[in-house]
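Each chain, written out:
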Amino acid sequence: MLYNADYLIIPKIDSLLLLIISLIFLFSGFIGHAYSWKKILEQANFHTGIDTCIASIGLSIFGKYIPGKIWMIIGRSAYISAKGKYDMKELSVLSLDAQLVALLTGLLLGFIGVMYFDGFRLLGMIIISLLIGLCFFIFSPFLHQLILKVHNAILQQKMVLVQLSAKQILKTIPWFAGYWVLWAIGFYFLSASLAISSIPFFSGLGFPLAVTLGIAAFISPGGLGIREGALTGFLILAGLPANESTTIAITSRLWFLIGEFFIFMIGWILHRLHLQK
């Protein structure tokens, strides 16, 4: 492979091979997603195997398509709680922390892409506002104290929540960034397999940005429509024609669904193996 300042040039590679490469990075990203979940659990002294973490991610992966977007967060917590006999409430808060850290790292990578393609005027201030808000919720005790007060007021029960320190959270960020990078590279190869035009390598960073914006849009199950719109806009910003950008953005939804089905099946198989044991 050859490189220049703007493009990763891939000479004489068939589109099917590019698609297969993209799927390898996609599947690897889902395994990395499970590792990031494991790492944030370890920071709170909840120790469990990677196979259990993969099963918890896989079996709850489609919960994000249910309006409200809390079922995936609760689902993976419930699975770990049942397997390790840990407190469900504490695990749910850690799962929320994991989701916020994932949003933070995805937005940071997307912001790099926006800056690279000189799109600050269009998206920069929105992303910065979201980043500031996420940092506030992640690194300050406000969110955890709010959850604690609401829980105690409604259920009339005292609950003590695990809150990770800034140092503990920072230790997990490379793991979250790692799976976003794998997905970004996979998306680049997917785009290269579909596009007629040359694809800038950094266009892959549009995928973490679009996914996080879709997650942030609570009214849209799974970010439907929001992700595709943001991805189309980013690819146009990267220099692709509007028709190619739209095709790639829509196809990426099916591509990612294949990855979600992959991790669901792996999670289901691991769960069945656990039951047999």
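A. Representation of the environment of Leu41 in the model. Its place among the elements puts Leu41 in helix H1 (residues 15-43). Taking the C-alpha atoms as reference points, Leu41 and Leu91, 50 residues apart in sequence, are found 8.1 Å from one another. With residues near it in sequence (within four places) discarded, Leu41 still touches Phe46, Thr48, Cys53, Ile80, Leu91 and Leu94.

B. Spotlight on the packing of aromatic side chains. Counted under the stated rule, the structure contains 21 aromatic pairs. Judged by centre distance (6.1 Å) and plane angle (50°), the rings of Phe176 and Tyr179 are tilted. Here Phe176 pairs with Tyr179, and both are found in helix H7 (residues 166-194), just three residues apart, close to one helical turn. Taken as a pair, Phe176 and Tyr179 share a single burial class, namely buried. One aromatic cluster is present, built from ring pairs that chain together Phe30, Phe176, Tyr179, Trp180, Trp183, Phe187, Phe207, Trp255 and Phe256.

C. Local environment of the pattern of salt bridges. Using the criterion set out here, one finds three salt bridges in the structure. Among the salt bridges present, the one from Glu42 reaches Lys38, with a minimum N-O distance of 3.0 Å. Placement of both Glu42 and Lys38 in helix H1 is noted, with a separation of four residues, approximately one turn of the helix. Glu42 gets classed as partly exposed once you look at its relative accessible area, which sits at 23%. Between Glu42 and Lys39 there is a salt bridge; the shortest N-O distance is 3.7 Å.

D. Representation of a nonpolar patch on the surface in the model. Side chains of Leu16, Leu17, Leu19, Ile20 and Ile24 sit close together on the surface and give an oily, nonpolar patch of about 430 Å² of accessible area. Summarising the element assignment, Leu17 is placed in helix H1. With a relative accessible area of 42%, Leu17 lands in the partly exposed category.

E. Main features of helix H9 (residues 226-237). End to end, H9 covers 17 Å across twelve residues, agreeing with the expected 16 Å (1.5 Å per residue, within 8%). Among the residues making up H9, those that are buried are Arg227, Glu228, Leu231, Thr232, Phe234 and Leu235. All buried residues of H9 fall inside an arc of 165° around its axis, so they share one side. In this structure, the buried side of H9 is in contact with helix H4 (88-116), H7, helix H8 (206-216) and helix H10 (242-276). Downstream of H9 by a residue or two, Gly239 has a phi angle that is positive, lying close to 110°.

F. Broad picture of the environment of Trp183. As for its placement among the helices and strands, Trp183 is situated in helix H7. Once the C-alpha coordinates of Trp183 and Leu26 are considered, the two residues, 157 residues apart in sequence, prove to be 5.3 Å apart. Once residues lying within four places of it in the same chain are set aside, the contact partners of Trp183 are Phe25, Leu26, Gly29, Phe30, His33, Phe207, Trp255 and Phe256. A distance of 3.1 Å separates the side chain of Trp183 from the backbone oxygen of Leu26, its partner in a polar contact.

G. How the structure looks around the confidence of the model for the protein chain. With 82% of its residues at a pLDDT of 70 or more, the protein chain shows a mean pLDDT of 83. Averaged pLDDT values for the elements of the protein chain fall to 39 in strand S1 (residues 2-3) and rise to 95 in H1.

H. Molecular detail of the packing of H1 against H10. Relative to each other, H1 and H10 sit at 50°, their axes nearing to 9 Å. It follows from the interaxial angle that H1 and H10 lie oblique. The element H1 and its partner H10 pack so that their crossing is right-handed. Note on element contacts: H10 touches H1 through Trp255, Phe256, Ile258, Gly259, Glu260, Phe262 and Ile263, opposite Ser22, Leu23, Leu26, Phe27, Phe30 and Ile31. Looking at side-chain class alone, the contact of H1 with H10 contains ten nonpolar, two polar and one charged residues.

I. Region of interest: unusual backbone geometry. Within the chain, Asn45 stands out as a residue other than glycine whose phi angle is a positive 65°. Mapping Asn45 onto the fold places it in the loop between H1 and helix H2 (50-60). We classify Asn45 as exposed; its relative accessible area is 58%.

J. Spotlight on H8. Burial within H8 is extensive, with nine of its eleven residues counted as buried. Those residues of H8 lying buried are Gly206, Phe207, Pro208, Leu209, Ala210, Val211, Thr212, Leu213 and Gly214.

Procedures and definitions
- Throughout, a residue's number is its position along its own chain's written sequence, starting from 1.
- In keeping with the predicted nature of the model, local features appear solely for residues at pLDDT of at least 70, side-chain atom pairs appear and are counted solely at 80 or more, and the whole-chain, interface and lining totals rest on all residues.
- Just so you know, side-chain values use all the structure's heavy atoms and leave hydrogens and water out.
- Numbering of helices and strands starts at the N terminus; helices are DSSP runs of H or I of at least 4 residues and strands are runs of E of at least 2.
- Note on contacts: a residue pair is in contact if any heavy atoms of the two residues lie within 4.5 Å.
- Only centres within 6.5 Å qualify two rings of Phe, Tyr or Trp (six-membered ring in Trp) as a pair; their planes then separate them into stacked at under 30 degrees, edge-to-face at over 60, and tilted for everything else.
- For every residue, the accessible area obtained with a 1.4 Å probe (protein chains only) is divided by the maximum for its type, and the residue is called buried under 20%, exposed over 50%, and partly exposed between those limits.
- Salt-bridge detection follows one rule: a side-chain nitrogen of Lys or Arg within 4 Å of a carboxyl oxygen of Asp or Glu.
- Without a salt bridge and with relative accessible area above 30%, a residue can belong to a patch; like charges are then joined within 9 Å and nonpolar side chains (Val, Leu, Ile, Met, Phe, Trp, Tyr) within 5 Å.
- A 1.4 Å probe and the Shrake-Rupley method give the accessible areas. Residues count as covered only by the protein chains that appear here.
- In this analysis, the expected span of each helix is defined as 1.5 Å times one less than the number of residues it contains.
- Within this analysis, the arc is defined by the directions that extend from the helix axis to the C-beta atoms.
- Two N or O atoms count as a polar contact when they lie within 3.5 Å, although within protein this holds only if one can serve as hydrogen donor and the other as acceptor, and sequence-adjacent residues are included solely when both atoms are side-chain atoms.
- Residue-level confidence of the predictor, termed pLDDT, takes values from 0 up to 100.
- Angles here are taken between N-to-C directions and fall from 0 to 180 degrees, while the axes themselves are lines fitted to C-alpha atoms, restricted in helices to the stretch in contact.
- Orientation categories follow fixed angle ranges, with anything under 35 degrees roughly parallel, anything over 145 roughly antiparallel, 65 to 115 roughly perpendicular, and all other angles oblique.
- If you view the pair so one helix is near and one far, a crossing is left-handed when the near helix is turned anticlockwise from the far one by less than a right angle, and right-handed when it is turned clockwise.
- Note on residue categories: nonpolar means Ala, Val, Leu, Ile, Met, Phe, Trp, Tyr, Cys or Pro, charged means Asp, Glu, Lys or Arg, and polar means any other residue, Gly included.

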